[in-house]
Amino acid sequence: MRPKITCHMITSLDGRLDPDRWTDPADGRVSELIEEHYEDTAERLGGDGWIVGRRSILDHLDQDTTPDLRETPEARPAHWADPGDRGIAVVIDPRGRLRHTRNDIDGDHVVTLLSERVTDDCLARLRRAGVSYVFAGPDGERLGPAMAEIGEALGSRHLILEGGGMTNGAFLAAGLIDATSTLICPAIDGLSGVPAIYEHAGPPDSLPCEGQHLRLLSCDTLAGGVVWLRHEIVRADRADTGV
């Protein structure tokens, strides 16, 4: 069984993800609202780990901008280091571009999701750093089996997805998001050029959320006028069950 996945995001009223571009509310500052509410509500979701894309984690790690990839994908076994009693931080890095010098981020054990094109040298670096890794197919796009393998190997039951728009969109298109937790700030971006919460590159007739329907679980108004919406995702193949 793969872990339950809840996408937890904070956004402007128009769904944009770059707080530096948002207007401040009438009686406060966006930065103060984020500091007050984002981590607190994430903890209240009760996850045992979190998922983040490569770009979202660059403040914590160095980036290797010229990955040395294999010409032909090769299936190799996952590697599991001992996480101890820590949570887990799943980092989506198909090309192995991040340089890990330790096996944790903010105290949580790092699990890197890779494509089968990364080199053996890349894997050796990860093992030396004490990082766990798992493969998601030839190009790193087979997210479902990788999530199931993480759940089985590490006993994870609930992961909080905190990616950028493309990462969130990939999980949505794969049918892997089970619930959403959305903090809406009293702020507007208003400019194009920044991804929304969910972004998926595909032809106009490809709908990543097709067959997936939202059911409202709760709606709370927090201090400073932030609205916290929680939804579950009900899929067409189980809509009659109410699950």
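Residues take numbers from 1 onward in each chain, read along the sequence in its written order. The predicted origin of the model limits local features to residues at a pLDDT of at least 70 and limits the giving and counting of side-chain atom pairs to 80 or more, whereas totals for whole chains, interfaces and linings rest on all residues. Side-chain measures here rest on the full set of heavy atoms in the structure, leaving out hydrogens and waters.

Draft legend 1. Main features of the overall build of the chain. Per the convention used, a helix needs a DSSP run of H or I reaching at least four residues, while a strand needs a run of E reaching at least two, with both numbered from the N terminus. Helix and strand counts for the chain come out as four helices and twelve strands. Restricting the calculation to C-alpha atoms gives the radius of gyration, and the globule rule supplies 2.2 Å times the number of residues raised to the power 0.38. The globule rule puts the C-alpha radius of gyration for 243 residues at 18 Å, and the 18 Å found for the chain is close to it. For the chain, the spread of C-alpha atoms along the principal axes amounts to about 55 × 40 × 40 Å. Exposed residues in this analysis have more than 50% of their type's maximum accessible area, buried residues have under 20%, and partly exposed residues fall in between, with area computed by a 1.4 Å probe over protein chains only. Taken over 243 residues, the chain has a buried fraction of 46%. Contacts: residue pairs with any heavy atoms within 4.5 Å of one another. Once local pairs closer than 6 in sequence are excluded, the contacts in the chain between residues at least 24 apart make up 71%. Accessible surface area values rest on a Shrake-Rupley calculation with a 1.4 Å probe, where residue burial reflects the displayed protein chains alone. Counting only carbon and sulfur atoms, one obtains 48% of the accessible surface of the chain, whose full area is about 12,400 Å². His is not counted here, nor are the chain ends, while Lys and Arg score as positive and Asp and Glu score as negative. Where a charge sits is defined by one atom per residue type, namely NZ (Lys), CZ (Arg), CG (Asp) or CD (Glu). Charge-centre separation for the chain: the mean point of 25 positive side chains lies 5 Å from the mean point of 41 negative side chains.

Draft legend 2. Structural context of the nonpolar core. Core analysis: the biggest nonpolar cluster contains 30 residues, and Trp50, Ile57, Val91, Leu114, Leu183 and Cys185 have the highest contact counts within it. If you list the elements that add at least two residues to this core, you get α1 (30–44), β2 (49–53), β4 (88–92), β7 (108–114), α2 (120–128) and β8 (132–135). Leaving out residues up to four positions away in the same chain, Leu183 has contacts with His8, Met9, Ile10, Thr11, His37, Tyr38, Thr41, Leu222, Val226, Val227 and Trp228. In terms of nonpolar packing, the next biggest core, distinct from the first, is built from 24 residues, Ile92, Ala136, Leu172 and Ile177 among them. The term nonpolar core refers to a set of buried residues drawn from Ala, Val, Leu, Ile, Met, Phe, Trp, Tyr and Cys, joined through side-chain atoms within 4.5 Å.

Draft legend 3. Spotlight on the confidence of the model for the chain. Overall, the predicted model of the chain reaches an average pLDDT of 90, with 94% of residues at or above 70. Considering only residues more than four positions removed or in separate chains, one finds that residues 239–243, a stretch of pLDDT under 50, has seven contacts. The pLDDT value tells you how sure the predictor is about a given residue, anywhere from 0 up to 100.

Draft legend 4. Main features of the side chain of Thr112. With respect to the helices, strands and loops of the structure, Thr112 is situated in strand β7. Given the relative accessible area of 1%, Thr112 is considered buried.

Draft legend 5. Structural view of helix α3 (residues 143–154). Spanning twelve residues, α3 covers 16 Å between terminal C-alpha atoms, matching the ideal 16 Å at 1.5 Å per step. Residues of α3 that are buried include every one of Leu143, Ala146, Met147, Ile150 and Gly151, and no others. For α3, the arc enclosing every buried residue in end-on projection is 140 degrees, short of the 170-degree limit, so these residues lie on one face. When the buried face of α3 is taken as reference, the exposed residues oriented beyond 90 degrees from it are Pro145 and Glu152. Remark: Gly155 follows α3 within two positions and exhibits a positive phi of approximately 70 degrees. A helix's residues, less one, multiplied by 1.5 Å, set its expected span. In this description, one arc is meant: the one made by directions from the helix axis to the C-beta atoms.

Draft legend 6. Region of the structure containing unusual backbone geometry. The phi dihedral of Asp106 falls on the positive side, at around 55 degrees, and the residue is not glycine. Within the secondary structure, Asp106 sits in the loop between β6 (104–105) and β7.

Draft legend 7. View of the pairing of β4. Among the five residues in β4, five count as buried, and that is most of the element. Paired strands are those between which DSSP finds at least two bridges. When β2 meets β4, the two strands line up parallel, connected through five bridges. Across the sheet, residue Trp50 finds its bridge partner in β4, namely Ala89.

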